[in-house]
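Survey of secondary and tertiary structure
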Amino acid sequence: MFNKNRLDIRNAILNLPVAFEILIPECVIDELKGLSRTYWYAGAALKYSEYFNVIRSSGRGDDCILKTAEALNCYVLTNDRGLIQRLRSKNIRVLIFSQGKTIKMI
């Protein structure tokens, strides 16, 4: 799966110095389904999500992601500034796309 800048997300995550299992909350899948009607890259992300474990989640949007990350004590990959602030205020670790070319831990 590539992001808008042609970064292979899976390989970028697998090349980080820490091993990760990629999990996708159901709420993210639901959001991608809605966005895929308008944005091609959401459809591509939805298709790519089939290669990873989708986990049960409750709620919607950022609240769901926050709750899931807290429950699993896991990292979250996002570039959403508002979500990053909320995650960091709860001491949840964050991964971001750095300059659209790599993924880094912040």
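Structure: see above.
Now for a description of the structure that goes with this document.

Reading guide: rules and limits
- Residues numbered from 1 in each chain as written.
- Predicted model: local features only at pLDDT ≥ 70, side-chain atom pairs only at ≥ 80, totals over all residues.
- Heavy atoms only, no water.
- Helix = DSSP H or I, 4+ residues; strand = E, 2+ residues; numbered from the N terminus.
- Rg over C-alpha atoms; globule rule 2.2 N^0.38 Å.
- Buried < 20%, exposed > 50% of the residue type's maximum accessible area, 1.4 Å probe, protein only.
- Areas by Shrake-Rupley, 256 points an atom, 1.4 Å probe, with all protein chains shown as cover.
- Lys, Arg positive; Asp, Glu negative; His and termini not counted.
- Charge placed at Lys NZ, Arg CZ, Asp CG, Glu CD.

**Quick word on the overall build of the protein**
Scanning the protein from terminus to terminus reveals five helices and five strands. Each helix and strand of the protein, placed in order from N terminus to C terminus, yields the pattern α-β-α-α-β-α-β-α-β-β. For the protein, whose C-alpha radius of gyration is 13 Å, the value lies close to the compact-globule estimate of 13 Å for 106 residues. Out of the 106 residues in the protein, the part that is buried amounts to 36%. Total accessible area on the protein is roughly 7,200 Å²; 49% of this is exposed by carbon and sulfur atoms. Across the protein, the mean location of the 16 positive side-chain charges is 5 Å away from that of the 10 negative side-chain charges.

**Concerning unusual backbone geometry**
In the Ramachandran plot, asparagine 73 falls in the positive-phi region, its phi being about 50° despite a non-glycine side chain. Mapped onto the elements of the fold, asparagine 73 is located in the loop between helix H4 (61-72) and strand S3 (76-77). A positive phi is found at asparagine 91, a non-glycine position, where the angle reads about 60°. Considering the arrangement of structural elements, one finds asparagine 91 in the loop between helix H5 (81-89) and strand S4 (94-98). Judged by relative accessible area, asparagine 91 falls into the exposed class, the value being 69%.

That is the geometry; function is a separate question.
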